[in-house]
Structures are given as structure tokens and as C-alpha cells.
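# Summary of the model geometry
Residues per chain are reported as follows:
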Amino acid sequence: MKLLVAALESELQAFPAQLAGFDRLVTGPGKLMAAFGLTRALDARDAADPYDEIVVVGTAGAVSDDVESGIYDVAAAIQHDVQDLDGVIGRHVSLPARVETGREGVTIATGDIFVDDADATARIRSLGGVLVDMETFAFVWVAQQFGVPTRVLRVVSDRAQDGATQVWDDVVAACSAQLWDFVQREYDL
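Residues numbered from 1 in each chain as written. Predicted model: local features only at pLDDT ≥ 70, side-chain atom pairs only at ≥ 80, totals over all residues. Heavy atoms only, no water.

Turning to the packing of aromatic side chains, a few remarks are in order. Inspection of every chain in the model, using the stated rule, returns 2 aromatic pairs. When the centroid spacing of 5.1 Å and the interplanar angle of 55° are considered together, the rings of Phe-15 and Trp-180 count as tilted. One end of the pair, Phe-15, is in the loop between strand S1 (2-6) and strand S2 (22-26); the other, Trp-180, is in helix H4 (residues 164-186), with 165 residues separating them in the sequence. Above the face of the Tyr-51 ring, Arg-45 is positioned so that its terminal group lies 4.3 Å from the ring centre. (Phe/Tyr/Trp six-rings, centres within 6.5 Å; stacked < 30°, edge-to-face > 60°. Helix = DSSP H or I, 4+ residues; strand = E, 2+ residues; numbered from the N terminus. Lys NZ or Arg CZ within 6 Å of the ring centre and 35° of its normal.)

Two elements in contact, helix H1 (residues 31-44) and helix H3 (residues 136-146), have axes separated by 8 Å at closest approach and are oriented at 25°. By the criterion of interaxial angle, the relationship of H1 to H3 is roughly parallel. The two elements H1 and H3 meet at a crossing, and its hand is right-handed. Of the residues in H3, those touching H1 at Lys-31, Ala-34, Ala-35, Leu-38, Thr-39, Leu-42 and Asp-43 are Ala-138, Phe-139, Val-142, Ala-143 and Phe-146. (Axes fitted to C-alpha atoms, helices over the stretch in contact; angles between N-to-C directions. Parallel < 35°, antiparallel > 145°, perpendicular 65-115°, else oblique. Left-handed = near helix turned anticlockwise from the far one by under 90°. Contact = heavy atoms within 4.5 Å.)

What follows is about the environment of Pro-50. For Pro-50, the location among the structural elements is in the loop between H1 and strand S3 (53-62). A relative accessible area of 42% places Pro-50 in the partly exposed class. For the pair Pro-50 and Leu-127, spaced 77 residues apart in sequence, the C-alpha separation works out to 34 Å. (Buried < 20%, exposed > 50% of the residue type's maximum accessible area, 1.4 Å probe, protein only.)

Structurally, Leu-131 can be placed in strand S7 (residues 131-133). Judged by relative accessible area, Leu-131 falls into the buried class, the value being 0%. In the structure, Leu-131 is positioned 101 residues away from Gly-30 in sequence and 15 Å away in space, judged by C-alpha atoms.

So, in C-alpha cells, the structure goes:
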């Protein structure tokens with residue numbers, strides 16, 4: 001059994017409510033809600049029968065001109081909205097600077113803000129991120145604590161620049177349909 005995870009119900013709107021071989025979880029947006037929701041789901045699962053894989057789907061903003069529209073596997077996640085005691089941006093005081101999924105793919109920068117300006121995208125690029133979202137770091141870190149393999153699939157919804165919030169509202173349905181088509185092919189559904 002796998003666990004299909006998204007932050008928002010709208011990101012799963014093209015997916016059937018029941019999907020053979022998958023449980024479904026919607027956590028809510030942001031790192032805290034993602035960590036809390038996934039921790040509760042994994043903790044409630046029978047330890048003798050853990051999930052085979054967590055499959056996270058959702059949208060992301062592109063912060064690099066080299067990233068085109070489409071769906072990306074995430075290899076690693078960093079945080080763009082933290083700093084350590086020495087003031088180093090991207091380093092948390094007690095969490096790793098980077099978490100990895102064990103897959104080939106891109107680096108995503110996670111933070112508790114919807115990135116919508118050029119200065120923020122430049123800062124995120126300087127940290128090594130090419131995509132930006134609000135949950136991936138938390139999802140991957142929690143899954144690691146439970147020893148469950150994780151695959152994160154993010155579809156580019158916007159360019160994380162001025163007006164990205166409005167663009168996201170307009171394109172989330174199409175992004176969900178792209179993700180559903182991809183998941184069907186990847187998992188023989």
C-alpha cells in the first residue's frame with residue numbers, strides 16, 4: 001500500500017477519490033501542517049505493515065529560467081525561510097540543511113510563504129533551488145523519521161514572480177490533471 005499525499009484538495013481534484021493500492025492524505029498548506037498531517041498518518045499506520053512508499057503530488061513555482069513547464073521528480077529539498085544562529089540563510093538551527101529522496105531529480109526550496117517576487121526567487125536560486133513550494137522539506141523529513149521511501153512529483157504552476165498567486169488559482173485544475181495522467185502512467189493505474 002502506498003500513501004498519496006497533497007497539501008491541498010485542489011491539487012488532487014483530477015484524481016479519483018478512491019484509488020486502488022493507495023490511501024489518500026490532504027495535509028493543508030505549509031511546513032507545520034504538512035509535518036503534522038503526515039506524522040499523524042504514519043503514526044496511525046500499523047508498524048507491522050508500513051507504507052511501501054509515500055507519493056507526494058502538487059504544484060511548485062519555478063525559480064530558474066532553465067526549468068520549463070512540466071512535472072519534475074524531486075531529488076532534494078532545502079528551506080529558504082530559515083537561518084541558523086550565525087545568520088546563514090537556508091540553515092535551520094536543528095534540522096539538516098538538505099533532505100534527499102534518493103531519486104534523480106531537481107532541488108526544491110520549501111518555505112512558509114507563497115513566493116511571488118523576483119528578489120525572493122533570486123535568493124532561492126542562490127541557495128540551489130530551482131523550484132519552490134511550501135511543504136516538500138517537511139514531507140521528506142517526516143518520511144525519513146519513519147523510514148518510508150518518498151517520491152515527490154511537482155508540476156510547475158507558475159514562475160514565482162509578480163502575479164504568481166493569481167496564476168496558481170487559474171492553473172491548479174490543469175496541474176492536477178497533468179499529475180493524474182503522470183501518476184497513472186508511472187504506477188500502471
